[in-house]
Amino acid sequence: MAAGACMAQACEQLEAATVMLSYGFYGVVRNILRSVYESAGLGRTLAKDVDMADKWLRKNHWWPDR
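Residues numbered from 1 in each chain as written. Predicted model: local features only at pLDDT ≥ 70, side-chain atom pairs only at ≥ 80, totals over all residues. Heavy atoms only, no water.

S.K.: What should I look at first to understand helix α2 (residues 26–48) in this one?
M.R.: Because each turn of an α-helix spans 3.6 residues, side chains separated by three or four positions in sequence point in the same direction. The first and last C-alpha atoms of α2 sit 34 Å apart over 23 residues, in line with the 33 Å expected at 1.5 Å per residue. Turning to α2, the residues buried within the fold contact α1 (2–23) and α3 (50–59). (Helix = DSSP H or I, 4+ residues; strand = E, 2+ residues; numbered from the N terminus. Expected span 1.5 Å × (residues − 1). Contact = heavy atoms within 4.5 Å.)

Okay, here's the thing in structure tokens:
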């Protein structure tokens, strides 16, 4: 469920980046695409490690960045 939510968010952000690009807001697109990359990466991580995703969702416990 968590991975699906992250992937859905990444898809929405990608659509937003496309719209912003079409209107010429090039500076904003870079930041949005970074968010797409991070959301997709998090979704992939949570999909591979179900125990980590469960701990993250139910206990609100996040792991440190390394």
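Alright, that's what it looks like, and here's the rest.
S.K.: Where do I start with the packing of α2 against α3 in this structure?
M.R.: The angle between the axes and the distance between the axes are what describe a pair of packed helices. α3 packs onto α2 with a crossing angle of 110 degrees between their chain directions and a minimal axis gap of 5 Å. Relative to α3, α2 is oriented roughly perpendicular. Judged by residue contacts, L42, T45, L46, A47 and K48 of α2 engage V50, M52, A53 and W56 from α3. When the residues that make up the contact of α2 with α3 are grouped by side-chain class, the tally is seven nonpolar, one polar and one charged. (Axes fitted to C-alpha atoms, helices over the stretch in contact; angles between N-to-C directions. Parallel < 35°, antiparallel > 145°, perpendicular 65-115°, else oblique. Nonpolar A, V, L, I, M, F, W, Y, C, P; charged D, E, K, R; others polar.)

S.K.: I keep staring at the side chain of S39 and nothing clicks. Help me out?
M.R.: Tracing the chain through its elements places S39 in helix α2. In this structure S39 comes out as buried when scored by relative accessible area, which is 9%. Other than its neighbours up to four places away in sequence, S39 contacts C6, Q9, A10 and Q13. (Buried < 20%, exposed > 50% of the residue type's maximum accessible area, 1.4 Å probe, protein only.)

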